[in-house]
Amino acid sequence: MKLISCLAASVMLSQMVHSASAEVVVVVAADSPVNSLSKSHIANIFLGRNNYLDGRIRVTPVDQPEGSQARQEFYENVVNWNPASVKAHWSKMIFTGRGKPPRQVASDTAVKALVASSPGAIGYIDAASVDSSVKVLKLAQ
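Just so it is clear, the model here is predicted, and its values are computed rather than measured. (Residues numbered from 1 in each chain as written. Predicted model: local features only at pLDDT ≥ 70, side-chain atom pairs only at ≥ 80, totals over all residues. Heavy atoms only, no water.)

Enquirer: So what exactly am I meant to see when it comes to helix α3 (residues 69–79) here?
Expert: Owing to its 3.6 residues per turn, the α-helix brings residues three or four apart onto one side. Taken together, the buried positions of α3 are occupied by A70, R71, E73, F74, Y75, V78 and V79. Residue N80 follows α3 closely and has a positive phi angle near 65°. (Buried < 20%, exposed > 50% of the residue type's maximum accessible area, 1.4 Å probe, protein only. Helix = DSSP H or I, 4+ residues; strand = E, 2+ residues; numbered from the N terminus.)

Have a look at this one:
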């Protein structure tokens, strides 16, 4: 009986860990000519260091709210910065007048709506939220 309880607890714990770390994908409009970007290019876009998707298309990065799981996953796994570092970066950029942070919207649904209707917009959403209105970018190294 004790073994069954331990196994049940292990299964529940592994499901909780899996659900807490959803896969985040980077998206652009479905008709965008861009199919892939390097992680460093995406990081530079979201940190205000690059304003173009492929050298021609002016980019508009779309962020999710601070504290959201998608934002945390994106910055840690794609940009390779923790949320506190990102916040400090943008505080410095704003204070010195060198930039402003990406536009922020409330949810995956809002990211998809803005990205799908704005040429050059790029955002990130949970992979489970992808639909035909957006294209998932392949991440090159």
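Past the structure itself, the notes keep going.
Enquirer: What exactly am I supposed to notice about the side chain of S38 here?
Expert: Mapped onto the elements, S38 comes out in strand β2 (residues 36–38). We classify S38 as buried; its relative accessible area is 18%. Among the polar contacts listed, one links the side chain of S38 to the side chain of S40, at a separation of 3.1 Å. Beyond its immediate stretch of four places on either side in the chain, S38 contacts A140 and Q141. (Polar contact = N/O pair within 3.5 Å; in protein donor to acceptor, adjacent residues only side chain to side chain. Contact = heavy atoms within 4.5 Å.)

Enquirer: What is the right way to read unusual backbone geometry from this model?
Expert: Phi is positive for N80, close to 65°, though the residue is something other than glycine. Tracing the sequence through the fold places N80 in the loop between α3 and α4 (83–95).

Enquirer: Just to check I follow, could you spell out the side chain of H89 for this structure?
Expert: For H89, the position within the fold is in helix α4. By relative accessible area, H89 is classed as buried at 12%. In this structure the side chain of H89 is engaged in a polar contact, spanning 2.8 Å, whose partner is the backbone oxygen of L47.

Enquirer: Please explain the sheet that holds strand β4 (residues 103–104) as it appears in this structure.
Expert: Sheet strands pair by backbone hydrogen bonding; their relative direction is either parallel or antiparallel. One open sheet holds the five strands; their spatial order is β4-β3-β5-β1-β6, and the pairing between them is mixed. The open sheet has two edge strands with one neighbour each: β4 and β6 (134–136). As judged from the two bridges shared by strand β3 (residues 60–63) and strand β5 (residues 121–126), these two strands associate in the parallel manner. Among the inter-strand pairings, T60 is bridged to a residue of β5, identified as A121. (Pairing = 2+ DSSP bridges.)

Enquirer: What is the right way to read the pairing of β3 from this model?
Expert: Put simply, side chains in a regular strand alternate between the two faces of the sheet. Pairing geometry for β3 and β4, over two bridges, is parallel. Opposite V62, over in β4, you have R103 as the bridge partner.

Enquirer: Teacher, can you tell me more about the layout of surface pockets here?
Expert: Vacant regions in the atomic arrangement are exposed by a probe of water-molecule size rolled over the atoms. Here the largest pocket defines a volume of roughly 310 Å³. Together, 17 residues line the largest pocket, and N51, V59, P61, K100 and P101 are the ones closest to its centre. Listing elements by their share of the lining of the largest pocket, those giving two or more residues are α2 (39–46), β3 and α4. Of the residues assigned to the lining of the largest pocket, the class counts are eight nonpolar, five polar and four charged. (1 Å grid on protein atoms, 1.4 Å probe; cavity = no way out; pocket = protein on both sides within 12 Å on 5 of 7 lines; lining within 4 Å. Points joined across faces, edges and corners; volume = space filled by probe spheres on them. Nonpolar A, V, L, I, M, F, W, Y, C, P; charged D, E, K, R; others polar.)

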